[in-house]
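# Observations on the model geometry
For reference, the chains in residue letters:
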Amino acid sequence: MSDLVSIIMPSYNTAQYITETIQSVIDQKYHNWELIIVDDCSTDNTEQVISEYRKFHQNLRLINHETNRRQGGARNTGVKVAKGKYILYLDQDDVFESGALKKVFSEIRSTEGVDILMCDEVLVEDGKRRTCFYLNNSWEEMTGRSFLKKNEIPWTPWLFVYRRDFLIINHLSFTEKVRFEDTDYVINSVRLALRIKYVPILLYNHTVSRYQTSR
């Protein structure tokens, strides 16, 4: 049986584009997933859009925050309730590359027990796709400390597949209620990994926007 993956997506006022993001999960050739959407006090009709999908997809879960805790808090909530063996993060305005999850979990099965698997991305800016390969990285499995010394690291949590037990045992969580929480999380998780590997699989389509906190 395929390993269950919990995909965690923070959501805040996303009604205008969340359908494309959700659909990119549903359309994957790998179907053993749960999508946990943590809504962080949206004021638009985001919840209504998600509820329509939930009528037909029981593996889509919606959790509503009572107070706004930003992306870091939403991701922490998702990890706490996740049932999957592995964790993936997905931002509300990005999508998975078509067929990516099947390739990723074929690799996961061949490296059973790896703490973190780093993948690759496509950058989308002004409607144009630009493949962003980290091909200068070593493809060898190594410790996290060696990985930090040898490889280029994207400071974005959504290019990594995390074994959930690894996150829980090491008490890894995002800083909450801040504008930019990704870098510390990536550094800490990679540093603590006993087994980590990079694979040149295009997993993620990241839409670059001038409104992002990272810019």
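So, on to the nonpolar core. Formed by 65 residues in total, the largest nonpolar core has its most connected members in Ile 7, Ile 22 and Tyr 89. In terms of residues, this core owes the most to one element, strand S9 (residues 196-207), which gives six residues. Sequence-distant contacts of Tyr 89, that is, excluding residues within four places in its chain, are made with Ile 8, Arg 75, Val 79, Pro 157, Trp 158, Tyr 162, Leu 167, Phe 174, Tyr 185 and Tyr 204.

This part covers the pattern of salt bridges. Should the charged atoms of two oppositely charged side chains come close, the side chains can pair. Taken as a whole and judged by the stated rule, the model has eleven salt bridges. One salt bridge connects Arg 61 with Glu 34, and the closest N-O pair in it is separated by 2.9 Å. Taken together, the positions of Arg 61 in strand S3 (residues 60-64) and Glu 34 in strand S2 (residues 33-39) put the pair 27 residues apart, joining distant regions of the chain. Residue classification places Arg 61 among the partly exposed positions, given a relative accessible area of 22%. One salt bridge in this structure joins Arg 129 and Glu 97, with 3.3 Å as the shortest N-O distance. One end of the pair, Arg 129, is in strand S7 (residues 128-132); the other, Glu 97, is in the loop between strand S5 (95-96) and helix H4 (100-110), and 32 residues separate them in sequence. Three or more residues joined by partner-sharing salt bridges are found here, namely Arg 75, Asp 91, Glu 181 and Asp 182.

The subject of this paragraph is the pairing of strand S1 (residues 5-11). Within S1, seven of the seven residues are buried, which leaves the element mostly enclosed by the surrounding structure. Here S1 shows a buried face lined by Val 5, Ile 7, Met 9 and Ser 11 and a second buried face lined by Ser 6, Ile 8 and Pro 10. Where S1 meets S2, seven bridges bridge the pair, whose relative direction is parallel. Bridging from a neighbouring strand, Ser 6 pairs with Glu 34 of S2. With helix H1 (residues 18-26) bridging S1 and the parallel S2, this β-α-β connection has right-handed handedness.

Below, the discussion takes up the side chain of Ser 189. On the secondary structure map, Ser 189 appears in helix H7 (residues 182-192). A residue is classified by how much of its surface remains accessible, and Ser 189, at 1% relative accessible area, is buried. Leaving out residues up to four positions away in the same chain, Ser 189 has contacts with Ile 116, Tyr 162, Phe 166 and Leu 172.

Each value, and the rule that gives it
Residues numbered from 1 in each chain as written. Predicted model: local features only at pLDDT ≥ 70, side-chain atom pairs only at ≥ 80, totals over all residues. Heavy atoms only, no water. Core = buried A, V, L, I, M, F, W, Y, C linked by side-chain atoms within 4.5 Å. Buried < 20%, exposed > 50% of the residue type's maximum accessible area, 1.4 Å probe, protein only. Helix = DSSP H or I, 4+ residues; strand = E, 2+ residues; numbered from the N terminus. Contact = heavy atoms within 4.5 Å. Salt bridge = Lys/Arg side-chain N within 4 Å of Asp/Glu carboxyl O. Pairing = 2+ DSSP bridges. Right-handed = clockwise from strand over helix to strand, strands pointing away.

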